[in-house]
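What follows is the residue order along each chain.
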Amino acid sequence: MFGKEPGGGSCECPVSPFSKYRLFRYKFVKWFEDFMDMTFLALRDRPCAETIQSNVEKAVQTARQRNCRHCSPVVSGGMQEFATVFKRKLDEVVAKVCITCFSRKT
């Protein structure tokens, strides 16, 4: 997701020069940025785990189509791990919203 190989070199996936998403000093590869953009937009209409999972599957396909020797073999596992955390955080946020809505009505 960072466009880096274990030895520290860059993988073959393009990285946006104006990356919106960063973790520490790393920019994300373009296919991951596209996944984040699509997922955040889709979550506006359907804030649920299925929205995240369907976009994860699309991102895995996109990354594998690039045939990057670094990303292709690890993208499925990495994205599933990321999806697990992302879905857990989404559930926490949705639960807070639901609790707030119910407590205001009473």
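Here the structure is a predicted model, which is why all the values come from computation and not from measurement. (Residues numbered from 1 in each chain as written. Predicted model: local features only at pLDDT ≥ 70, side-chain atom pairs only at ≥ 80, totals over all residues. Heavy atoms only, no water.)

1. Structural notes on the overall build of the chain
Helix and strand counts for the chain stand at three helices and two strands. Taken from N to C terminus, the helices and strands of the chain fall in the order β-β-α-α-α. Out of the 106 residues belonging to the chain, those deemed buried represent 32%. Nonlocal contacts in the chain, meaning residues at least 24 apart in sequence, comprise 52% of its contacts between residues at least 6 apart. (Helix = DSSP H or I, 4+ residues; strand = E, 2+ residues; numbered from the N terminus. Buried < 20%, exposed > 50% of the residue type's maximum accessible area, 1.4 Å probe, protein only. Contact = heavy atoms within 4.5 Å.)

2. Quick word on the nonpolar core
Ranked by internal contacts, the top residues of the largest apolar core, which has 21 residues, are Cys13, Trp31, Phe32, Phe35, Ile52, Val56 and Met79. Sorting the residues of this core by element identifies helix H1 (30-45), helix H2 (49-65) and helix H3 (71-105) as the ones contributing at least two each. Top contributing element to this core by residue count: H3, with six residues. Setting aside its immediate chain neighbours within four residues, Val56 contacts Phe35, Met79, Gln80 and Ala83. (Core = buried A, V, L, I, M, F, W, Y, C linked by side-chain atoms within 4.5 Å.)

3. Remarks on H2
For an α-helix, 3.6 residues make a turn, and residues three or four places apart therefore share a direction. In a regular helix each residue adds 1.5 Å, so 17 residues correspond to 24 Å; H2 covers 25 Å between its end C-alpha atoms and thus fits that length. Within H2 the residues assigned to the buried category are Thr51, Ile52, Gln53, Asn55, Val56, Ala59, Val60 and Ala63. Positioned one or two residues after H2, Asn67 has a phi angle of 55 degrees, which is positive. (Expected span 1.5 Å × (residues − 1).)

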